[in-house]
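# Summary of structural features
Residue strings, one per chain:
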Amino acid sequence: MSRITTSSTAEYFAKNLQQVGFSSPLKAVLTTLKEAVDNSLDACEEHGIAPELTVSILKVGKGSGRNTDLVEIIVEDNGPGLEQGDLAKVFGEYLASSKFGRGQCSRGQQGIGISAATTWAQLTNAAGVKVTSKTQKMRKAIQCYIDVDIKGNKGIIKKKETVDWDKSNGLRVEFRIDGRVQLNGDGGLITYLEGTTLVNPHLSLNYKLLDNDWVHVGRVSDDVPKVPPPTLPHPHTMKLGEFMTHAGLYGKMTLDKFLKKGFSRISDNTIKDMMKHGLKKDHLKRQLTAIKETEYKSIFQAIQETDLANPTTRSVLTVGEEGLAKSIQRIGEVDFFSVNTRKPKICDHKPVVVEVAIARFINRGDADDAAQLIRFANRVPLQFDKAACAITKAVESVNWRSYGLTQPKNSMPLGPYVFAVAVTSPFIKFKNASKETIDASDELVEEIRRALMQAGQKLSRHIKAEHRAADLERKIQHIEKFAPILVHGLAEITKAPKKRELAATEGLKKILGRDADDAEDKLKEAEGRLKVLKAKQKKTLGINEQQEEVAKEATKKNSKKAVKKTTKKTVIKKATTKRASTKKGAVTKKVAQKKMAKKKTTKKKR
C-alpha cells in the first residue's frame, strides 16, 4: 500500500493557481492588479478614508517562461496600513482573512487572492512581494519582502527594515511576475480600471500603463460608502454538509441557541414551526457536539420543510443612481445615459441589489459594433467567462429592439453603448474560485432583466425623440423638393401666370404640411418629456450652464469632424462612380461601332 500524505492549503493552491485566476500570463497580470486594488479599497472603506490609489504597470525585462515578460506591478494607497504582525498573514498565508464567512458586501472574502499573487511572483521570479507599510502610530514605515512557506501555509518575512516615507499612513505593494500585458478588450487593464472607477465614485486614481502617460481620474463624490454590518446566512441556502460545518463553528452551544444565533430571522416561533415538520424536542437542548451525523440529517430535513422568513435586505450596499450618473461621465463623452438602482430583493434566499447604467458615447465604437458590457459583483469588474454569467444572459434575453436599439437575435444590442450592470450581495454565488462569473439562477436573471428594462424605458424616450426629429426633417425635405416641381409643371400646362404659380406653391405646401405639422407636434411632446428627464440628470450631476456650453462645443466639434469625414467619403464614392460610368460608356460606344461596321459589311456583300 502506498503511503498517504497530506498537503497544506498553500501547497494545493500553488499547484492549482489556475483556479484563482492565474491560468495564463495575461490573466496573471490582471488578477494581481485586481487583488491589490480590492484590498486597498476595502481597507480604506473600513476606516472611512476616501481612497487615493496610484497604479504603475511596466515591462522591466524578459520573463523566465517562454513568450512572457517580466512585469512590475505597483499599487500604492492612502489606507490605514498594516501592523508588522499582520503583514506575513495577509500576503503569505492562504485563508487568512477577517471577512471569511462574515456575510458582508466586501470585495475580498476568502483571503486567497493576494496570497496567490505572492505565490505566482515566487514561482515565476523567485521572489515574493515587496511591501511598504505605515500606520499612523508608526514614526517610520516598515519595508520587507514576503514569501509563502508553501509546505506550512505561512508567510515568511525577509529583508525587513525601517524607512522614511512621506505619508502619514498607507500601503505600497510591488510584484515582479511573469506575464503579458493587454490594455484593451474584455480582459484589458484599461477596461478593469475604467470599470473600477465607474462603481467607485469616491475613488481618486492615478495610473501609468507601459509607455503611456500618467492618467488622473478624480473622485466625483466625497461620500465614503459605509459597508453594512454582516448578516447571517439563511438555512435554505445550505446543503447538509455546509449546515454541519457551520454548526461546528459554534462548539458546545445548544441546538436551539445555535439556530437563533447562527442564522438570519429564526425565532422561538420559527422553531415551533420546525417541530411541526419533524424537529424533535429533545434535540433542542442538546449540545451541538453531542448530536450525531444521522440526527443532523433529520434536523436539516425539518428545517428545509419549514417556511422561513426571508433574510433582511439591510446588509446590501448600493452605489446609488447619483454616484453612477456622475461616475459614467469619467469614462468618456456621453451623449445620453440612463441609470437605475432597484430596491433590495431576495433571490434564492439571499439579499441582492441590482444596479444598471446604460450610456451612449460619442466617438466610442460604431453603429455596427456590439455594445460593451461591463459586469460587476460587489463592485469588482468581472472580465472573463462572460457567456456563462447571469448578467450576460439577462442582457441578451431583453428585447432591445422595443426600446429603439438594433439587436441580433439572442445577442448584445449594437451601437456605441456601454451597459454597466452591478450585482451586490453578501452571498454572491460564483461559478468558480477565481470569481469570474455569477451563477445564473432563474430568480437572479429575472431581477437583472427588470432592472435593465427600467433603464431601457428611459433610454427609449431619447431614441424616439431622435427618430421623430429625423422623420420630420425627411418629410419637410420631400415637401420642399417636390412641391415646386409639381406646381411649375401644372402652371406650364395650364399657362397660368407667375402670380398664380406662387400662390399654388404656397397652398400645396400648406396642404402637404398637415402631415409635417402632426410630426412636429409629436416631436415637441417627445422633446418635452426628454427635457424633463435631462433636467433631472443635470440636477443629479450638478452640471451648471457654463459646463453645459463646454459640452455642447465639444459635441459640435465632433459633429463637424464626422460631417467632414462623411463628405470626403461621399466625394470619393461619386468620383469612383463617375469613372466607372465613363469607362462603361466608352466600352458601350466601341461595341456599338463594331456592330455598325458589321452591318455595313453585310450590306455590301449582298
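In every chain, residue numbers begin from 1 and rise along the written sequence. Restriction of local features to residues with pLDDT of at least 70 applies here, the model being predicted, together with a cutoff of 80 or more for giving and counting side-chain atom pairs; totals for whole chains, interfaces and linings are based on all residues. To get the side-chain values, take all heavy atoms of the structure and skip hydrogens and water.

Within the chain, the secondary structure is distributed over 15 helices and 14 strands. Partly exposed describes any residue whose relative accessible area lies between the buried limit of under 20% and the exposed limit of over 50%, with all areas from a 1.4 Å probe on protein chains only and scaled to the type maximum. Considering the chain as a whole, with its 606 residues, one finds that 46% of them fall into the buried category. In the chain, once contacts between residues fewer than 6 apart in sequence are set aside, the share between residues at least 24 apart is 71%. Calculation of accessible area relied on Shrake-Rupley with a 1.4 Å probe; when residues are assessed, cover is drawn exclusively from the protein chains displayed. Summed over its atoms, the accessible surface of the chain is roughly 33400 Å², and 52% of this surface lies on carbon and sulfur atoms. Counting from the N terminus, the helices are the DSSP runs of H or I reaching at least four residues and the strands are the DSSP runs of E reaching at least two. Here, two residues are considered to be in contact whenever any of their heavy atoms come within 4.5 Å of each other.

Take the pairing of strand β14 (residues 417-424) next. The buried fraction of β14 amounts to 8 of the 8 residues, a majority that puts the element mostly inside the structure. Along β14, one buried face is formed by Tyr-417, Phe-419, Val-421 and Val-423 and the opposite face, lined by Val-418, Ala-420, Ala-422 and Thr-424, is buried too. The sheet contact formed by strand β11 (residues 350-361) and β14 spans 8 bridges and is antiparallel. Bridging from a neighbouring strand, Val-354 pairs with Val-423 of β14. At least two bridges found by DSSP between two strands are what make those strands a pair. As defined by bridge partners, strand β12 (residues 372-377) adjoins β14 across 6 bridges and the pair is classed as parallel. Following the sheet pairing, Leu-373 is matched in β14 by Phe-419.

In this section: the packing of aromatic side chains. Centre-to-centre distance and the angle between the planes together describe a pair of aromatic rings. Under the pairing criterion, centres of Phe, Tyr and Trp rings, with the six-membered ring standing for Trp, must be within 6.5 Å; the plane angle then separates stacked pairs below 30 degrees from edge-to-face pairs above 60, leaving the rest tilted. Scanning the entire structure with this criterion turns up 9 aromatic pairs. Judged by centre distance (5.3 Å) and plane angle (70°), the ring pair of Phe-258 and Phe-263 falls under edge-to-face. Each member of the pair, Phe-258 as well as Phe-263, carries the same accessibility label: buried. One cation-aromatic arrangement involves Lys-27 over Phe-384; the distance from NZ or CZ to the ring centre is 4.6 Å. Note on geometry: a ring has a charge over it if NZ (lysine) or CZ (arginine) is within 6 Å of the ring centre and within 35 degrees of the ring normal. Sitting over the ring of Tyr-145, Lys-159 keeps its end group 5.1 Å from the ring centre.

With that settled, the discussion passes to helix α5 (residues 189-198). Within α5, 9 of the 10 residues are buried, leaving the element largely enclosed by the surrounding structure. Turning to α5, its buried residues are Leu-189, Thr-191, Tyr-192, Leu-193, Glu-194, Gly-195, Thr-196, Thr-197 and Leu-198.

Moving on to helix α7 (residues 255-262). What α7 keeps buried is the set Leu-255, Asp-256, Phe-258, Leu-259 and Gly-262. Buried residues of α7 fall within an arc of 165° about the axis and therefore sit on the same side. On its buried face, α7 is in contact with α6 (240-248), α8 (268-276), α9 (281-284) and α10 (293-305). Comment: arc refers to directions from the helix axis out to C-beta atoms.

Turning our attention to the nonpolar core. By size, the foremost hydrophobic cluster in this structure holds 49 residues, and its most contacted members are Leu-33, Ile-57, Phe-91, Val-173, Phe-175 and Leu-189. Aside from chain neighbours lying at most four places away, what touches Phe-175 is Thr-32, Val-71, Glu-72, Ile-73, Ile-114, Ala-117, Thr-118, Ala-121 and Val-129. Val-352, Cys-389, Val-395 and Phe-419 belong to the second largest nonpolar core, which has 34 residues in total. Definition of nonpolar core: a set of buried residues of the types Ala, Val, Leu, Ile, Met, Phe, Trp, Tyr and Cys, connected through side-chain atoms within 4.5 Å.

The subject of this paragraph is a nonpolar patch on the surface. For patches, a residue must show more than 30% relative accessible area and have no salt bridge; joins then use 9 Å for like charges and 5 Å for nonpolar side chains, namely Val, Leu, Ile, Met, Phe, Trp and Tyr. A pairing counts as a salt bridge when a side-chain nitrogen of Lys or Arg comes within 4 Å of a carboxyl oxygen of Asp or Glu. On the surface, Leu-486, Leu-490 and Ile-493 cluster together into a nonpolar patch covering about 330 Å² of accessible area. Under the relative-accessibility criterion, Leu-486 is labelled partly exposed at 48%.

With respect to the helices, strands and loops of the structure, Asp-147 is situated in strand β4 (residues 141-149). With a relative accessible area of 9%, Asp-147 lands in the buried category. N or O atoms closer than or at 3.5 Å make up a polar contact, with two conditions inside protein: a donor-capable atom paired with an acceptor-capable one, and, for residues adjacent in sequence, both atoms drawn from side chains. Polar contacts involving the side chain of Asp-147 include one to the main-chain amide nitrogen of Gly-128, which spans 2.9 Å. Residues in contact with Asp-147, not counting those within four places in the same chain, are Gly-92, Thr-118, Gln-122, Ala-127, Gly-128, Lys-154, Gly-155, Ile-156 and Lys-158.

Another aspect to go through is the confidence of the model for the chain. Predicted coordinates in regions of low pLDDT should not be interpreted in detail. Confidence of the predictor in every single residue is expressed as pLDDT, which spans 0 to 100. With 76% of its residues at a pLDDT of 70 or more, the chain shows a mean pLDDT of 80. Note that pLDDT drops below 50 for residues 558-572; the model gives that stretch 3 contacts with residues more than four away or on any other chain.

It is worth spelling out the packing of helix α3 (residues 84-92) against helix α4 (residues 113-125) at this point. Working note: a packed helix pair is described by the angle between its axes plus the distance between those axes. The N-to-C vectors of α3 and α4 enclose an angle of 80°; their axes lie 6 Å apart at closest approach. Judged on the interaxial angle alone, α4 and α3 are roughly perpendicular. Side by side, α3 and α4 meet where Val-90, Phe-91 and Gly-92 of the first sit next to Ile-114, Ser-115 and Thr-118 of the second. Its residues assigned to classes, the contact of α3 with α4 comprises 3 nonpolar, 3 polar and no charged. Axes here refer to lines fitted to C-alpha atoms; in helices the fit is confined to the stretch in contact. Angles between the N-to-C directions go from 0 to 180 degrees. The labels follow the angle: roughly parallel below 35 degrees, roughly antiparallel above 145, roughly perpendicular from 65 to 115, and oblique for the rest. Note on residue categories: nonpolar means Ala, Val, Leu, Ile, Met, Phe, Trp, Tyr, Cys or Pro, charged means Asp, Glu, Lys or Arg, and polar means any other residue, Gly included.

This part covers the sheet that holds strand β7 (residues 204-209). Overall, mixed pairing links the 8 strands, which are arranged β5-β4-β3-β6-β2-β1-β7-β8 in an open sheet. What marks the edges here is a single partner per strand, and that holds for β5 (154-163) and β8 (215-217). Between one strand axis and the next, the sheet turns through 15° on average, direction left out of account. The sheet contact formed by strand β2 (residues 69-77) and strand β6 (residues 170-179) spans 9 bridges and is antiparallel. Following the sheet pairing, Ile-73 is matched in β6 by Phe-175. Most of the contacts of α3 go to β4, to which it runs at about 40°, and overall it touches β3 (129-134), β4, β5 and β6. Docked against the sheet, α4 engages β2, β3, β4 and β6, running at close to 45° with respect to β6.

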